[in-house]
Structure formats: C-alpha cells, structure tokens
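One-letter residues, chain by chain:
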Amino acid sequence: MKINSPLQAYEHLPKTNCGDCGEPTCMAFASHLIDRSRNVGDCPPLTGVEFKDNYDTLTDLLAPEIREVTIGTGDHAITIGGDDVLYRHKLTFFNKTAFAYEVCDTMDEDELVSQVNKIQNFSKFYIGDFLTLDAVAVRCLSGDADQFANAVRTVMETTDLPLILCSLDATVLDAALEVASSRRPLIYAATTDNWREVAGLVLTYHVPVVLSAPGDLDTLKSLALTFASIGIRDLVLDPGTSPTEGLRDSFENFLKIRRAGIEGQTDIAYPLMAVPMTAWAELDGVSAAYWESVLVSIFTIRYGDIMIMHSTEPYSLLPELHIRDTVYTDPRKPVMVDSGVFEIGSPSRNSPVFITTNFALTYYTVESDISSNDIDCHLCVVDTDGIGVEAAVAGGQLTAGKIKEAFDSAGFDVREKTDHGTVILPGLAARLQGDVEDATGLDVMIGPPDSGRIPQWLESKWEK
Ligand code: SF4
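What counts and how
- Residues numbered from 1 in each chain as written.
- Predicted model: local features only at pLDDT ≥ 70, side-chain atom pairs only at ≥ 80, totals over all residues.
- Domains from an automatic or database assignment.
- Axes fitted to C-alpha atoms, helices over the stretch in contact; angles between N-to-C directions.
- Helix = DSSP H or I, 4+ residues; strand = E, 2+ residues; numbered from the N terminus.
- Parallel < 35°, antiparallel > 145°, perpendicular 65-115°, else oblique.
- Left-handed = near helix turned anticlockwise from the far one by under 90°.
- Contact = placed C-beta atoms within 7 Å.
- Near = placed C-beta within 6 Å.
- Nonpolar A, V, L, I, M, F, W, Y, C, P; charged D, E, K, R; others polar.
- Core = buried A, V, L, I, M, F, W, Y, C linked by C-beta atoms within 7 Å.
- Buried ≥ 20, exposed ≤ 12 C-beta atoms within 10 Å, placed from the backbone.

Section: the domain arrangement of the chain
- Split into domains, the chain comes out as domain 1 (6–62), domain 2 (69–327) and domain 3 (340–461).
- The centre of domain 1, based on its C-alpha atoms, is set 34 Å off from the matching centre of domain 2.

Brief notes about the packing of helix H5 (residues 145–158) against helix H6 (residues 170–180)
- The interhelical angle for the contact between H5 and H6, taken along N-to-C directions, is 30 degrees, at an axis separation of 8 Å. When the axes of H5 and H6 are compared, the pair comes out roughly parallel. Remark: the crossing between H5 and H6 carries right-handed chirality. For the pair H5 and H6, the contacting residues are Ala 145, Asp 146, Phe 148, Ala 149, Val 152, Arg 153 and Met 156 in the first and Thr 171, Val 172, Ala 175, Ala 176, Glu 178, Val 179 and Ala 180 in the second.

Details of the site of the ligand
- Close to the ligand lie 15 residues; Cys 18, Cys 21, Cys 26, Phe 29 and Cys 43 are nearest.
- Partitioned by chemical class, the residues of the shell around the ligand number 10 nonpolar, three polar and two charged.

Considerations on the nonpolar core
- If you look at the biggest cluster of nonpolar residues, it comprises 81 residues, and the most contacted ones within it are Ala 100, Val 136, Leu 165, Leu 211, Leu 237 and Met 307.
- The contacts of Leu 165, once residues within four sequence positions are left out, are Val 138, Val 152, Leu 173, Ala 176, Ala 180, Pro 185, Ile 187 and Tyr 188.
- Grouped together as the second largest cluster of nonpolar side chains are 32 residues, Val 337, Ile 355, Tyr 363 and Leu 432 included.

Some remarks on unusual backbone geometry
- Cis geometry is adopted by the peptide bond preceding Ala 189, which originates at Tyr 188 and carries an omega value of 10 degrees.
- Of note, Ala 189 is situated in strand E8 (residues 186–190).
- Unlike most non-glycine residues, Asp 385 shows phi in positive territory, near 60 degrees.
- Locating Asp 385 in the fold gives a position in the loop between strand E15 (377–382) and helix H14 (389–395).
- Residue class for Asp 385 comes out partly exposed when judged on the 13 C-beta atoms lying within 10 Å of it.

Listed below in structure tokens is the structure:
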C-alpha cells in the first residue's frame, strides 16, 4: 500500500458525502479503505466514467506490497499474499497462510478418497470458529500422465477444496490441467529446466504457478522477471525449505525475499511457498512429524503464505492450526463475543447466575466448562472490550457499574428471575464483591478462580 492515512485516500474520493457507500462521509469511507475493511469498488460514484482516473489511481495506491494470488474457485477459493508489513504489530497480517496436505497418484482409489476426506472433513472448534484445512496437493509419483490425471479427477470428485498439482514434468501437468483447469489449481512447479513448457501451460490454462529455485535467490528472481515479462503475474515463489542443516539458510531466504518485497522490489513481491513435508525426506515416524510441525511454525511466523504438508495426524494438525490462528489474529481487534445474559442448559429459578467477561477465550472456556458438566445456569457476559477477567479488573473494564449495566441492558432482573437473588463473581474478580453488592443490591458469592473448578465449587458452596 503506497498510502497509509485516510486523508491521503480521501483526496481521491468524490468528496460529496452522498452516503451511497453506507458511510456517513467520504472521510469515514477513506478510513475503511486504509484498514482494508472496504474496497474502492464499494463507492458507487467512483465506479462511474466521471471518476475513472480516481478509481485507477486509488486502486494502485491501495494495492498491497505483496501481490495477492487466488487459488481455486467458489466458496473454497483461497487468496494468499497481500501483506503490507514485516511485523504484525505494525498493521496486521492479511490472508492467513494456506495449509495444503498431500496425496499422491500411486495411492489406490480407496486410500486416495479416504485421505482426501480426512483433509476436507477435519474441523476443530476454537473460540467461536472452526479451524479447518485449506487445500489438497496432488503429487505425481508415478511419472505417468494418465495415472496422474485420473488421480486428480478422483480428488476433484471427492472435494471442492482448491488443488495444487505437483510435478516437474510439463507433460504430466498438461494432462492434469486438461481435467482440472476449471478449478484454477496452483501448479507446482516451474524451474530452470522446464520453465518454457510450464509458462506455455500457464498461458493456455490461466492458472497460478509456483516458481522453484531451492537455495538460489538470483535464479528465483530471474524466473520471476521472465514470467512477468510475458505477462504472467499470478506467481508464488518457492525459495526451498530445508528441514535440518540448511534450515537457517532457508529461513534467511524467506526473510530476504519478504523484506525486499515489502520495501518496494516489485519484481519479487509475490507470495512465498514453504514445503514442510521435506522433513519426511530426511527423517521418519514421529521425528519427521515433529520437524514438519516445527517447520510449519517457523514459516507461518516468517513468511510462508502457502505450505504443503504430509502428516494429518491430530498431533501435527492441532499445533499447526493453532499457531496460524494466533499469528493471523488481528492485533487491532480484541477477540470478543457479544455481551448479555445467556441461558446455558435449562435454568430454573434456583439455578446459579455466573458472571464473566466478553473476551472470547474466557467466554468459550467458561461456557464449555459449564455445559460439558450439564450445569443449568445463567451466564452474564460483561462487555470488557474483549479483555479477560484479571486484566479487566486491574484496567477498570470490569467494574460493579459495568456488571449492573450488563444485567440492566439485558433486561435481566436477578431478584425477579431467581428465588435466591445471588450472582457469582469469578474468583479473580473477588475484590469487586462489596462494590457489586452496593451497586446491585444483590447477594454476591465468589466463585472459583478457574472455571474448570465450577462443578466442585457448586457441590460444596451452592445450597440455594
Ligand atoms: S459513496 Fe463515495 S462519494 Fe458517496 S459518501 Fe461514500 S465515499 Fe463518498
């Protein structure tokens, strides 16, 4: 992005404050362009003939430093790249790293279908969302074009997930693209040996392509310049992923390319591919799975935009998905849920009323600890700007006034709805007990400091 302030974006808007974009003023719209929550095309007047130059200029000024590349079609399409910063805290990272898991054309059909289903059906609920896998990488191990095309066809019949077609043989890739080009797969890879043939395929089928030159940045840059010169810009760069001795060099190559791209070297400002499954070439069993996950962690943090992995065991997937989710959480937006008073189970007039905050991780932990133990209750979620209990008490976001406000705005009168007129504060908010009693006129009990202990706490303390 070549501009970074709303005022700079505002200069290119119609400045009529017409409101057609849904924002009250052009300046408000400009601020959303800068934080990327709105697009230039969301301003209807800007898409007309009168403002065509402004539209083109603004589109160019707002384009991310790292080119965005889309793989796949429809609801499952993934977009990678699109970053503007080297460090997440300076803005945020956009377009989370896409995780692809491999299958190969030497699997028999049942095994192939089973593995693809495992990839597409994996789902883990985590703080209000489902963590899932993004793509299937189909590798040609047979060397046979027909066998590879058949395997690709089987994968396509099994899943709508985006595909990566992996072979260094252009003839093999051609056969697979005849089957799969309508799904806009990513093809892997063009090298110094096959780049002419692969470039021909890209021009014929209009698909994105990986350029691969392991450990050789000059060659990688040269390939990128060559492809760009013939009009191919949907590129992904693979600088090589060495699992053991060469890991330091691999890591430094990722840093060098991304730094140069962010600092304005447009000829290599493309998304990067890491291939953590190289761990399986040097190791096996648990060691390989362990090092594969280590590589995923390293290159999720710095600066892999798409990766290919082998292990789909939960002990591999869970750490990989969790670190990605953490790195791609927007640091500008607290992870929070709606405030209010919610029923869990089927609460009666004697059921307890717990209080917690709207920090998503806190809420889902408390909710899960309560519902998984079949406890019927009301849960009052206080708006603390997405901050957890202990920090919110210290920072003044969780106060007696805020708690009273949460009950009032939910229209939940504790004395009217229960026979006990009691609320239960989290143990970490014990110091608010007197203030809450004064502000609400309710009885206040102090619950456990950890919601995992709520069942035992209820057994010993809740006699109402
Ligand atoms: S639609 Fe365009 S011109 Fe109208 S207020 Fe929004 S940004 Fe301004």
